[in-house]
Amino acid sequence: MEDEARRLDETDPLPTLRGEFLVPPAPGGRYEEAAYFAGNSLGLQPRSVAGRLREELDDWARLAVEAHTQGRRPWVDYHELLREPAARLVGALPHEVVAMNSLTVNLHLLMASFYRPAGTRTRILIEDSAFPSDSYAVAGQAVHHGLDPAAAVVRLKPRPGEDNLRTEDVLAFLEREGGTVALVLLGGVNYLTGQLMDIPAITKAGRAAGAVVGWDLAHAAGNVPLRLHDWDVDFAAWCTYKYLNSGPGAVAGCFVHERHVRDASVPKLSGWWGTDPAVRFRMDPEIAPPASADAWQVSNPPILALAPVLASLEIFDRTGMAALRAKSERLTGYLAGRLAPLGGVEVITPADPAARGAQLSLRVPDAGGLVRRLAAAHGVVADAREPDVVRLAPVPLYCTFHDCHRAAEALSDLV
């Protein structure tokens, strides 16, 4: 089986880019490098990042404040360098995206604009297994509007005995009760199960019901192809430290559809960097927002934090999401096939490749203990979500079929 995995690596249509990343040493076992399956939590560091950071540090040392306009990548409009590659990544028009803040901060800024409860239309629809930060954020928004989160937040649950939401159940709820829903805010790829939601179908149904539809793309951006503009999504936000490999707490991204960015009546929480750059340095007391997602910026971006995002986006631009998605399906399918015969392991991620991203979630006893043993004994790095889920993410940029072989062998040995 090991020889077969190596053969698959040698003949795959998209050769691995593992050499462009810094792979940690194996914590244990007979291999020099770890088999790293935790990229859905923190992606590996691209080798190009250190050089990019040194360049910005050199400009700071050499030019100080003048680097805002005279640096090799002038800081005053540095975020513009990320606009087009980020737009290509999520299927947007360039003026619909901006890199700023962190994920939950962006969600709050966007909900300040687009969650406008009124009359009987007050509810926010999320999935019951949403990432905790999303749960906290929507509850906080409900409280901010004087509402009881227990009544305002609707948590959609899978059918009894199932782990994933069925699209038809989401659509049925929206058809039945959509008149009470002000905002739909679901995860594009669920962090716990790895389920890829049917973003276009749910967006269409939510908007037909009169709701605003936003998406948390933390586990979708850089993982699956997206077409936010064409799907008519109202807004979206994503982090960049998972599949986008931009470093811990890296600057996040957001999308606002052009029908909103061109609507000056949309309310916003404003700051200096949300004013038109053509007049920004006139220091006027009244804001003049541009007709772009930049109008949602509140502060100038942190250059040392943007540099790794730019380095990562360049890798995605070279490779393309279509090729990465195809390899992701091959890797995840191979790993799923290797895990299928194992007793004591229940895969809760959808079996259909079109309904999952680059992740397999396994229900096992003592998930935390198993993850520690995988690393210590076999050099396989995964993560646990207590009490009983182990997540394995075969990220196509740097994971290999041989890594998947190592994970399957390790689980066979330990479970």
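Up top is the structure.
Since we're looking at a predicted model, the values are computed, not measured.

1. Notes on the sheet that holds strand β6 (residues 153–156)
Then step 1. As summarised here, the arrangement of the seven strands in space is β4-β10-β9-β8-β7-β5-β6, forming an open sheet in which the pairing is mixed. The open sheet is flanked by β4 (97–99) and β6, the only strands paired with a single partner. Going from strand to strand, the sheet's axes swing by 15° on average, the running direction of each strand aside.
Then step 2. Note that β4 and strand β10 (residues 253–256) share three bridges and pair antiparallel. What sits directly across from Val98, in β10, is Cys254.
Then step 3. Along the sheet face, helix α9 (residues 199–208) touches β7 (181–187) and β8 (212–216) and points at about 150° away from the line of β8.

2. Some remarks on the packing of aromatic side chains
Then step 1. The final tally for this structure, using the stated rule, is eight aromatic pairs.
Then step 2. Between Phe114 and Phe235 the ring centres are 5.5 Å apart and the planes differ by 15°, which places this aromatic pair in the stacked class. Taken together, the residues span a long stretch of sequence, with Phe114 in helix α5 (residues 103–114) and Phe235 in strand β9 (residues 235–238) at a distance of 121 residues. Residue Phe114 shares its accessibility class with Phe235, and that shared class is buried.
Then step 3. Between Tyr334 and Phe401, the aromatic rings sit 5.5 Å apart at their centres with planes inclined by 80°, giving edge-to-face as the arrangement. Here Tyr334, found in helix α12 (residues 321–339), pairs with Phe401, found in helix α14 (residues 401–414); they are 67 residues apart in sequence, far enough to count as distant. Pair check on accessibility: Tyr334 and Phe401 agree, each one buried.
Then step 4. The structure contains a cluster of three or more aromatic residues connected by ring pairs, namely Phe21, Tyr36 and Tyr398.
Then step 5. One residue, Lys268, lies across the ring of Trp296, its end atom 4.7 Å from the ring centre.
Then step 6. We note Arg280 situated over the ring of Trp273; from NZ or CZ to the ring centre the distance is 4.0 Å.

3. Observations concerning the pattern of salt bridges
For side chains of opposite charge, pairing can occur when their charged atoms come near one another.
Then step 1. Summed over all chains, the structure comprises 38 salt bridges.
Then step 2. Arg259 is the salt-bridge partner of Asp232, the closest N and O atoms lying 2.7 Å from each other. Taken together, the residues span a long stretch of sequence, with Asp232 in the loop between β8 and β9 and Arg259 in helix α10 (residues 258–261) at a distance of 27 residues.
Then step 3. Taking the relative accessible area as the measure of exposure, Asp232 reaches 28% and is therefore partly exposed.
Then step 4. For Arg259, a relative accessible area of 27% gives the class partly exposed.
Then step 5. Within this structure, Asp163, Glu346, Arg363 and Asp388 form a network of salt bridges that share partners.

Thresholds, definitions, all that
Residues numbered from 1 in each chain as written. Predicted model: local features only at pLDDT ≥ 70, side-chain atom pairs only at ≥ 80, totals over all residues. Heavy atoms only, no water. Pairing = 2+ DSSP bridges. Helix = DSSP H or I, 4+ residues; strand = E, 2+ residues; numbered from the N terminus. Axes fitted to C-alpha atoms, helices over the stretch in contact; angles between N-to-C directions. Contact = heavy atoms within 4.5 Å. Phe/Tyr/Trp six-rings, centres within 6.5 Å; stacked < 30°, edge-to-face > 60°. Buried < 20%, exposed > 50% of the residue type's maximum accessible area, 1.4 Å probe, protein only. Lys NZ or Arg CZ within 6 Å of the ring centre and 35° of its normal. Salt bridge = Lys/Arg side-chain N within 4 Å of Asp/Glu carboxyl O.

In short, geometric facts, not functional conclusions.
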